[in-house]
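What follows is the residue order along each chain.
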Amino acid sequence: MATERVTNAAAAARCHDPYLRCALYGAAQTALGVRGCCVLSHSPQGCFQLVDAAFGWQDADYTETLTLCTKLCEDEIVHGGEGVLARTILEARELDVRLMFVVTACGPEIVGDDIMAVCQDLQPEVEFPLVPILCAGFRGDQNRGIEIALEAMLEHLVPEEGGFRVPRSVCLVAPHANSNPTWMGDLAWVREVLAAMGATVVATLAHDTAPEDFEKVPMAEGCLVLSHDAGQGAADLLAERYGVEQWCRDLPLPIGFSNTASWLRELGRRLGAEAVAEGMIARGEATVVERCRRKGLEQSPLHRTPAAIVADATVGVPLLRFLAEDLEVVPTLVCLRSGQADAQAMLEREIASLGVSPTVIRDADVYAAKKALGEARPEMVFGSNVERHAVEELGIPFVFRIVNPLSRFRMVDRAYFGYEGMLNLIEVMRNDWLDRYRSRHRRYRARW
């Protein structure tokens, strides 16, 4: 039976925590997933840096995408900044803008700026659609910001009438709510799988999404939420408003042999492509086994080794089965930084199914994770660069850095989903295993 503990951080605003940024960041991440858009940050210049950071997470093209800021100062924070906002929107008429998202920081919302009214009043005066998004940091963490932005997109950009259905079509939701630092690799794998099964992706909410794709959203037969941390609200709205059914809702995302096979079989059943799914599973499993054999993978150091997972739910929940079942480690601690309500229930089912008994900490911040690692004292941690520094004084020998934040620059998007994703994860573990010995005499000083 797993030991479960909920930290005080669950009920507190955690925008200051290094694991998660605020709602403004999540909303900007989502808005910047629309190709050729303009994101106007109604905020002080400091908060605008979050929009710049979100720009990198979406791999947005700076030759197509514009980011603007109202640069609020003391006067606007005290007396209101609606005038500055209106002037900035009107000045944007001189730019090549196809669609403008207006996102807000805490200051203007606290002082009472009504950006909904400003956008409504100015809409007749500009040729591009205005989409206001109330996403002040006090509204929640970045995953809450993603939900707010998705709801705003569905409200303002998707037509009310559903129209006809496109046979065997899918809408993909929240692929960017994923701590895999190159999550676009996961999205590409999902698209390849759907194409092989004869399905059409009508829209992705949101990554490299064309503005005209929003009109196709109600035409989808089904939707896939590619995150356990955000996107469920949008999926529920699609089901309620347009009757778009969510697929694979109760299944962990496809990381590891069993999770990938279950996910592919369910997708094959939905699309009438069971034989295609079985073929993918057979070829994928054979490829992984053969590649590990030919490369001489040494699994013995992992066998029955106590291990901890510190990640978001998108990676952390499916990773549990991959580690326990496929790599034969013993999970003694699971720290989830975030996760939707369904993900918590899913984790409990996975723990019961695997017959393991890790300590589970939900909504873990850095302090809670470090404290739990100190109590559990695993031999290896599957986490991020944060844990690499945090465990230095704890004497935990191995930290496999698989989730964001990472100090590594990557030019190639590498999936964690699917069979190639398994090989990518094994490669990271193997390299971090060797790196530990290379770094035996190297010391790092953490900032926290």
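For the structure itself, look to the data block above.
*Asks:* In this structure, what is going on with helix α9 (residues 232–242)? I would like to understand it.
*Replies:* Every α-helix winds through 3.6 residues per turn, so residues three or four apart in the chain are directed the same way. Residues of α9 that are buried: Gln232, Ala234, Ala235, Leu238 and Tyr242. Burial along α9 is one-sided: seen end-on, the buried residues are contained in an arc of 165°. In this fold, the buried residues of α9 make contact with α7 (142–157), β6 (169–173), β8 (222–225), β9 (245–246) and α13 (341–354). Once α9 finishes, Gly243 follows within two positions and takes phi at roughly 70°, a positive value.

*Asks:* Just to check I follow, could you spell out a negative patch on the surface for this structure?
*Replies:* A contiguous patch of negative charge on the surface is contributed by Glu82, Asp114, Asp121 and Glu125. Assignment of secondary structure puts Glu125 in the loop between α6 (115–122) and β5 (130–133).

*Asks:* I'm lost on the sheet that holds β5 in this one. Help?
*Replies:* Strands in a sheet are paired, the pairing made by backbone hydrogen bonds, and the direction either parallel or antiparallel. One open sheet holds the 4 strands; their spatial order is β3-β2-β4-β5, and the pairing between them is parallel. Because the sheet does not close on itself, it has two edges, and the strands there are β3 (66–69) and β5. Here the strands of the sheet are splayed against their neighbours by 20° on average, with no regard to which way each runs. Note that strand β2 (residues 38–42) and β3 share 4 bridges and pair parallel. The residue of β3 that forms the bridge with Leu40 is Leu68. Lying over the sheet, helix α2 (residues 45–57) contacts β2 and β3, oriented at roughly 170° with respect to β3. The strands that α6 touches are β2, β4 (100–104) and β5; relative to β5, the one it contacts most, it runs at about 175°.

*Asks:* What is the right way to read the nonpolar core from this model?
*Replies:* A general trend in soluble globular proteins is that nonpolar side chains are found buried together. In terms of nonpolar packing, the biggest core is built from 121 residues, with Phe101, Ile133, Cys171, Leu224, Trp263, Leu264 and Leu267 touching the most fellow members. When neighbours within four sequence positions are excluded, Cys171 is seen to be in contact with Val202, Ala203, Leu205, Val217, Ala220, Gly222, Cys223, Leu224 and Leu238. Residues Leu20, Cys335, Val381 and Val386 belong to the second largest nonpolar core, which totals 19 residues.

*Asks:* Sorry, what's going on with the packing of aromatic side chains here?
*Replies:* The description of two aromatic rings rests on the distance between their centres and on the angle between their planes. Scanning the model with the defined rule gives 6 aromatic pairs in all. Ring centres of Trp57 and Trp183 lie 6.4 Å apart, and the angle between their planes is 40°; this geometry places the pair in the tilted category. Of the two residues, Trp57 sits in helix α2 while Trp183 sits in the loop between β6 and α8 (184–196), which places them 126 residues apart along the sequence. Consider the rings of Phe382 and Phe400, whose centres lie 5.0 Å apart with planes at 45°: the pair is tilted. Residue Phe382 is found in strand β13 (residues 380–383), and its partner Phe400 is found in strand β14 (residues 398–401); the two are separated by 18 residues along the sequence.

*Asks:* What exactly am I supposed to notice about unusual backbone geometry here?
*Replies:* Excluding glycine, most residues fall at negative phi; most peptide bonds, likewise, are trans. Following Leu205, the chain continues to Ala206 via a peptide bond in cis, the omega torsion being 0°. Mapped onto the elements, Ala206 comes out in the loop between β7 (200–205) and β8. A cis geometry characterises the amide bond from Asn404 onward to Pro405, with omega recorded as 5°. Along the chain, Pro405 falls in the loop between β14 and α16 (418–438). The phi angle at Cys248 is positive, at roughly 55°, despite the residue not being glycine. Turning to its location among the elements, Cys248 is positioned in the loop between β9 and α10 (257–271). Its relative accessible area of 9% is what places Cys248 among the buried residues. Positive phi outside glycine occurs at Glu328, with the angle close to 65°.

*Asks:* So what exactly am I meant to see when it comes to the sheet that holds β6 here?
*Replies:* Within the open sheet, the 4 strands sit side by side as β7-β6-β8-β9. Their pairing is parallel. If you trace the sheet from one side to the other, it starts and ends with β7 and β9, each paired once. Pairing geometry for β6 and β8, over 4 bridges, is parallel. Bridge pairing in β8 links Cys171 to Cys223. Most of the contacts of α8 go to β6, to which it runs at about 170°, and overall it touches β6, β7 and β8. Relative to the sheet, α9 contacts β6, β8 and β9, its axis offset from that of β8 by approximately 170°.

*Asks:* Help me understand the side chain of Glu109 in this model?
*Replies:* Mapped onto the elements of the fold, Glu109 is located in helix α5 (residues 106–111). Of note is the side chain of Glu109, whose polar atom sits 2.5 Å from the side chain of Thr104. Sequence-distant contacts of Glu109, that is, excluding residues within four places in its chain, are made with Thr104, Leu134, Cys135, Ala136, Phe138 and Arg139.

*Asks:* Got a minute to help me understand a nonpolar patch on the surface in this structure?
*Replies:* A surface patch of nonpolar side chains, about 420 Å² in accessible area, is lined by Phe409, Met411 and Val412. Here Phe409 lies in the loop between β14 and α16.

*Asks:* Can you help me understand α7 in this one?
*Replies:* In this model, α7 (16 residues) spans 22 Å end to end at C-alpha, consistent with the 22 Å of a helix rising 1.5 Å per residue. Of the residues making up α7, those classed as buried are Gln142, Asn143, Gly145, Ile146, Glu147, Ile148, Ala149, Leu150, Ala152, Met153, Leu154 and Leu157. Tucked inside the fold, the buried residues of α7 contact α1 (23–31), β4, β5, β6, β7 and α9. Its side-chain oxygen 3.0 Å from the backbone nitrogen of Asn143, Asp141 forms the N-cap of α7.

Definitions and limits used
Residues numbered from 1 in each chain as written. Predicted model: local features only at pLDDT ≥ 70, side-chain atom pairs only at ≥ 80, totals over all residues. Heavy atoms only, no water. Buried < 20%, exposed > 50% of the residue type's maximum accessible area, 1.4 Å probe, protein only. Helix = DSSP H or I, 4+ residues; strand = E, 2+ residues; numbered from the N terminus. Arc of directions from axis to C-beta. Contact = heavy atoms within 4.5 Å. Patch = residues over 30% accessible without salt bridge, like charges linked within 9 Å, V, L, I, M, F, W, Y side chains within 5 Å. Areas by Shrake-Rupley, 256 points an atom, 1.4 Å probe, with all protein chains shown as cover. Salt bridge = Lys/Arg side-chain N within 4 Å of Asp/Glu carboxyl O. Lys, Arg positive; Asp, Glu negative; His and termini not counted. Charge placed at Lys NZ, Arg CZ, Asp CG, Glu CD. Pairing = 2+ DSSP bridges. Axes fitted to C-alpha atoms, helices over the stretch in contact; angles between N-to-C directions. Core = buried A, V, L, I, M, F, W, Y, C linked by side-chain atoms within 4.5 Å. Phe/Tyr/Trp six-rings, centres within 6.5 Å; stacked < 30°, edge-to-face > 60°. Polar contact = N/O pair within 3.5 Å; in protein donor to acceptor, adjacent residues only side chain to side chain. Expected span 1.5 Å × (residues − 1).

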